[in-house]
Amino acid sequence: MFDLQILIVFMIICSVVAVETKDLLSAVISIGATGLGLSVCFLLLQAPDLAIVQLVVEILVLVILIRGTVNRDGIDYRRRLWLPLIVSGVFIALFLVCVYYLINELPRFSYPIMKISKTYIADGFKQTGTANTVVAILLNYRLFDTFAGVTVFFASVIGVLTVMRKIGSKK
Amino acid sequence: MIEEPKTGMNIIVKTVTRLTTGLILLFGIYIVFHGHILSEGGFAGGVVIALSFIHLMLAYGREIVLKKMSEKVSELLGNIGAVIFIIIAVLGLFTGGYLFFDFFGKGKPFNLFSAGLMPLYNIAISLIVGAGLFTVFVTLVFFRSEKK
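Because the structure is predicted, anything quoted here is derived from the model rather than measured.

Undergrad: Help me out: how do you make sense of the overall build of chain B in this one?
TA: From N to C terminus, chain B includes five helices and zero strands. Taken from the N to the C terminus, the helices and strands of chain B come in the order α-α-α-α-α. For chain B, the proportion of its 148 residues judged to be buried stands at 44%. Long-range contacts, defined here as pairs at least 24 residues apart, represent 64% of the contacts in chain B between residues at least 6 apart. In the structure as shown, chain B presents an accessible area of about 8,000 Å², 71% of it carried by carbon and sulfur atoms.

Right under this line is the structure:
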């Protein structure tokens, strides 16, 4: 688990660089480095399908960010706005207090050891007919979650098309 | 001599793109169709399919790709994927009594056509994700830079 901690420290450093740097291109590339570290983390935790999805989506997001935002952006990032900073600080403090009381209510980490996943591993092949347990969970046991995820994705695409439309926009 | 093209990148990038784009598209389709056997799914396959078109668009410029796959067609493909997903879900309601009922039977394991409705769900998800991401890329990157 030592390599995983090195990767996590690397990801934290990249995120801080992405937030604090003045150059926009450096920020975008730091975000890409963070995603790559996350992908390797998934691979080390033995989740290859998540790693592949993370890597592919990271490539696409990096291309969109570089082509879409870097060359045209007139916001001066050096000027600090104090009111949003204070408001976000207050909200983060409130969130942390709520989380502190919530965590005491939760059951201990991995306490009922593999109660549901035992059933999936034992009966998944018989009940669904696929050898791939991850897909069996995604597309059979938890299909409503997948349906909701696809719905959210579709709504986000329609939202982008609505914001960026040409017909009916003021400018 | 080959004349210098007007849009896109230089000749090296274009040649490599011409050789690799079809393979990337084929790999995406392979991932989608084998999603229930290998450790992949419709989401990763859809993103790879969208990436092949984006690769072509970055190398060759916008017009050539929009002639093959315009943003209207891409939007339509995404909507068709969503409609397929919902139609399969509701067909289960009529045949079995509840949503997402698997009315195909399991088939022989490890075959391409097996595991009930999972390949169809994978195809629908890949259509939604690939077409949606391609449309978002075209709208965000190219339509914004136009002066109208």
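Undergrad: In this structure, what is going on with the overall build of chain A? I would like to understand it.
TA: When its secondary structure is counted, chain A shows seven helices and zero strands. Traced from its N-terminal end to its C-terminal end, chain A shows the element sequence α-α-α-α-α-α-α.

Undergrad: Can you walk me through the interface of chain A and chain B in this structure?
TA: Quoted interface sizes are often the accessible area lost when the parts come together. Listed by partner, the interface residues are 38 residues for chain A and 44 residues for chain B. For the chain A and chain B pair, buried surface summed over both sides reaches about 3,800 Å², with 79% attributable to carbon and sulfur atoms. The three residues of chain A that bury the most area against chain B are Leu60(A), Phe153(A) and Met164(A), which together make up 15% of that side's buried surface. Scanning the region where chain A abuts chain B turns up zero residue pairs in polar contact (both at pLDDT 80 or more). Elements that contribute at least two residues to the side of chain A that touches chain B include exactly α3 (48–70), α5 (115–128), α6 (133–141) and α7 (143–163) of chain A. Of the residues belonging to the side of chain A that touches chain B, the class tally is 24 nonpolar, eight polar and six charged.

Undergrad: Explanation requested: the packing of α3(A) against helix α2 (residues 42–60) of chain B in the structure shown.
TA: For any two helices packed against each other, the geometry comes down to the angle between their axes and how far apart the axes lie. It is at 10 Å that the axes of α3(A) and α2(B) come closest, and there the two elements cross at 30 degrees. As for the relative orientation of α3(A) and α2(B), their crossing is left-handed in sense. On α2(B), the residues touching Ile52(A), Val53(A), Val56(A), Val57(A), Ile59(A), Leu60(A), Val63(A) and Arg67(A) of α3(A) are Phe43(B), Ala44(B), Val47(B), Val48(B), Leu51(B), Ile54(B) and Leu58(B). Grouping the amino acids of the contact of α3(A) with α2(B) by side-chain chemistry returns 14 nonpolar, no polar and one charged.

The rules we used
- Residues numbered from 1 in each chain as written.
- Chains lettered and ligands numbered in written order.
- Predicted model: local features only at pLDDT ≥ 70, side-chain atom pairs only at ≥ 80, totals over all residues.
- Heavy atoms only, no water.
- Helix = DSSP H or I, 4+ residues; strand = E, 2+ residues; numbered from the N terminus.
- Buried < 20%, exposed > 50% of the residue type's maximum accessible area, 1.4 Å probe, protein only.
- Contact = heavy atoms within 4.5 Å.
- Areas by Shrake-Rupley, 256 points an atom, 1.4 Å probe, with all protein chains shown as cover.
- Buried area = accessible area lost by both parts, 1.4 Å probe.
- Polar contact = N/O pair within 3.5 Å; in protein donor to acceptor, adjacent residues only side chain to side chain.
- Nonpolar A, V, L, I, M, F, W, Y, C, P; charged D, E, K, R; others polar.
- Axes fitted to C-alpha atoms, helices over the stretch in contact; angles between N-to-C directions.
- Left-handed = near helix turned anticlockwise from the far one by under 90°.

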